[in-house]
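Given next are the chains, with one letter for each unit.
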Amino acid sequence: MQKQENRYTIAFYNLENFFDTIDDPYLLDDDFTPNGFKRWNKSKFWNKTNKISRTISSIGLEESHHPPVLVGLAEVENKRVIKTLLKAKQLRHIDYDFVHFDSPDERGIDTALIYHKKHFGVISAETIPLMVQNTNGERDLTRDILYLHGKLHQEEVHIFVNHWPSRREGADITSYKRVKAAKTILEKIEQIAGVDPNIIVMGDFNDGPNSQSIKALMGTGRFINPMKKLLSPVTGSANYKRTWSLFDQILLSHSFLNYEVGTHSFVKANIFAPRFLKEWKGRYKGNPFRTYAGNKYLGGYSDHFPVYVLLDEHKT
């Protein structure tokens, strides 16, 4: 695809436990400290920071003249790690800022949004609590949903950044939590004023395109899911026990299919999986080159590939 000046990248990236090295007494982050189980130290932190910055700066550059204008993040511990990331060599020259709120997640991993200030301006931002209970009746202290209202160039957009409850206890047993997350987003959308608003729902949903939770969003008729066609037995955004999944997705409202002046239109979607993000050899060749495999330090990037969409801006 030929590069175009009016083409822009919107991405999502699960960073796989992007923790600082400081022990927070209120979080279950002990493993990611110098004396913790994973022996997480400044050297490892900086290695990961530089690798993530290289990745983010590269997403979509084969098809756009610009670095990503919006990047949703999952598994960031706090504002400190994001500020450090944006000061890294590959990103410090880009006029990036970010939005982040601490969430009630017990481990302290949150979502965030990085945005290019030349192309995007924040009008408002808030968290939407995800009120779900475990099977024992206690609240699941999971990640909030990050919601932003802003302007992409001159067009208003509404963005939801997600990291939905995990499947750790079983996909079917925990499905109701992710369905509740989808319904929580739909409740917020009903409060958004205007006719046919521009909506971007991105995240690690811990569910694939054909799951009940994603169907709850798609069943409204509001969205297209350009990620759906990207999943196959030989590719995805993450690989667990030799099976590919596409839990990382970006859904767009139908309004991104118009071509009016002053609007943005959808061009394509893809998984960003260049060679440097992959295992190069061995039984896991082709999988994401991750930071840890269990407690073994590998020194890679993340156990997820980023996903992205390209939008064209129509100026004239």
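Just so it is clear, the model here is predicted, and its values are computed rather than measured.

How each quantity is defined
Residues numbered from 1 in each chain as written. Predicted model: local features only at pLDDT ≥ 70, side-chain atom pairs only at ≥ 80, totals over all residues. Heavy atoms only, no water. Helix = DSSP H or I, 4+ residues; strand = E, 2+ residues; numbered from the N terminus. Buried < 20%, exposed > 50% of the residue type's maximum accessible area, 1.4 Å probe, protein only. Contact = heavy atoms within 4.5 Å. Polar contact = N/O pair within 3.5 Å; in protein donor to acceptor, adjacent residues only side chain to side chain. Salt bridge = Lys/Arg side-chain N within 4 Å of Asp/Glu carboxyl O. UniProt positions renumbered as here; feature names shortened; annotations may be inferred. Pairing = 2+ DSSP bridges. Core = buried A, V, L, I, M, F, W, Y, C linked by side-chain atoms within 4.5 Å. Axes fitted to C-alpha atoms, helices over the stretch in contact; angles between N-to-C directions. Parallel < 35°, antiparallel > 145°, perpendicular 65-115°, else oblique. Left-handed = near helix turned anticlockwise from the far one by under 90°. Nonpolar A, V, L, I, M, F, W, Y, C, P; charged D, E, K, R; others polar.

On to the environment of Tyr96. Note that Tyr96 resides in strand β3 (residues 96–100). Classification of Tyr96 by relative accessible area gives buried; the value is 8%. Along the primary structure Tyr96 and Ser253 are separated by 157 residues, whereas in three dimensions their C-alpha atoms are 25 Å apart. Beyond its immediate stretch of four places on either side in the chain, Tyr96 contacts Ile56, Pro67, Pro68, Leu86, Leu91, Ile114, Tyr115, His116 and Lys117. Looking at Tyr96, its side chain comes within polar contact range of the main-chain oxygen of Pro68, at 2.6 Å.

Moving on, we get to the pattern of salt bridges. Overall, the coordinates contain 11 salt bridges when judged by the stated rule. A salt bridge links Arg143 to Asp105; its shortest N-O distance comes to 3.0 Å. You can see Arg143 sitting in the loop between β5 (120–128) and β6 (145–152) and its partner Asp105 sitting in the loop between β3 and β4 (110–116), a full 38 residues away along the chain. With a relative accessible area of 6%, Asp105 lands in the buried category. For Asp207, the salt bridge identified is with Arg167, shortest N-O distance 2.8 Å. Separated by 40 residues along the polypeptide, Asp207 in the loop between β8 (199–204) and α4 (212–218) and Arg167 in the loop between β7 (155–163) and α3 (171–190) bring together distant segments of the chain. Assessed through its relative accessible area of 30%, Arg167 is described here as partly exposed.

Turning our eyes to something else, we now look at the UniProt feature "domain: Endonuclease/exonuclease/phosphatase" (unreviewed entry) in the protein chain. Residues annotated in UniProt with the feature "domain: Endonuclease/exonuclease/phosphatase" (unreviewed entry) correspond here to residues 9–311. End-to-end, the C-alpha atoms of residues 9–311 are 7 Å apart, and along that stretch the chain is 17% helix and 30% strand.

What follows covers the side chain of Arg178. Looking at the secondary structure, you find Arg178 in helix α3. You can call Arg178 buried: its relative accessible area is 0%. Here Pro165 takes part through its backbone oxygen, which lies 3.2 Å from a polar atom of the side chain of Arg178. When near neighbours in sequence (up to four residues on either side) are disregarded, Arg178 contacts Trp164, Pro165, Ser166, Arg167, Ala171, Phe205, Asn206, Asp207 and Ser213.

This part takes up the sheet that holds β8. Within the open sheet, the 6 strands sit side by side as β5-β6-β7-β8-β12-β9. Their pairing is mixed. The two strands at the open ends of the sheet, each matched to only one other strand, are β5 and β9 (223–224). As paired elements, β6 and β7 share 7 bridges and run antiparallel to each other. Residue Lys151 lies in a different strand from β7, and its bridge partner there is Glu156.

Here we come to the nonpolar core. Ranked by internal contacts, the top residues of the largest apolar core, which has 65 residues, are Ile10, Ile56, Leu73, Ile114, Ile159, Met202 and Ile250. By residue number, the principal contributor to this core is strand β1 (residues 7–18), which donates 7 residues. Excluding residues within four positions of it along the chain, Ile250 makes contact with Ile10, Ala11, Phe12, Ile200, Val201, Met202, Asn225, Pro226, Met227, Val307, Tyr308 and Val309.

Where helix α1 (residues 42–58) meets helix α2 (residues 79–86), the axes come as close as 9 Å, and the angle between the chain directions of the two elements is 60 degrees. Comparing the axis directions of α1 and α2 gives the class oblique. Handedness of the crossing formed by α1 with α2: right-handed. Together, Phe45, Trp46, Thr49, Ile52, Ser53 and Ile56 of α1 and Val81, Thr84 and Leu85 of α2 make up the contact between the two elements. Of the residues that constitute the contact of α1 with α2, the class distribution is 6 nonpolar, 3 polar and no charged.

With that out of the way, let us pick up the sheet that holds strand β2 (residues 70–76). A sheet is described by the order of its strands in space; here 6 strands give the open sequence β3-β4-β2-β1-β16-β13, paired in mixed fashion. The two strands at the open ends of the sheet, each matched to only one other strand, are β3 and β13 (264–271). Going from strand to strand, the sheet's axes swing by 20 degrees on average, the running direction of each strand aside. Direction of pairing for β13 relative to strand β16 (residues 307–313): antiparallel, over a ladder of 7 bridges. Considered in β16, the bridge of Ile271 is made with Val307. Packed onto the sheet, α1 meets β1, β2, β3 and β4 and runs at close to 160 degrees relative to β1.

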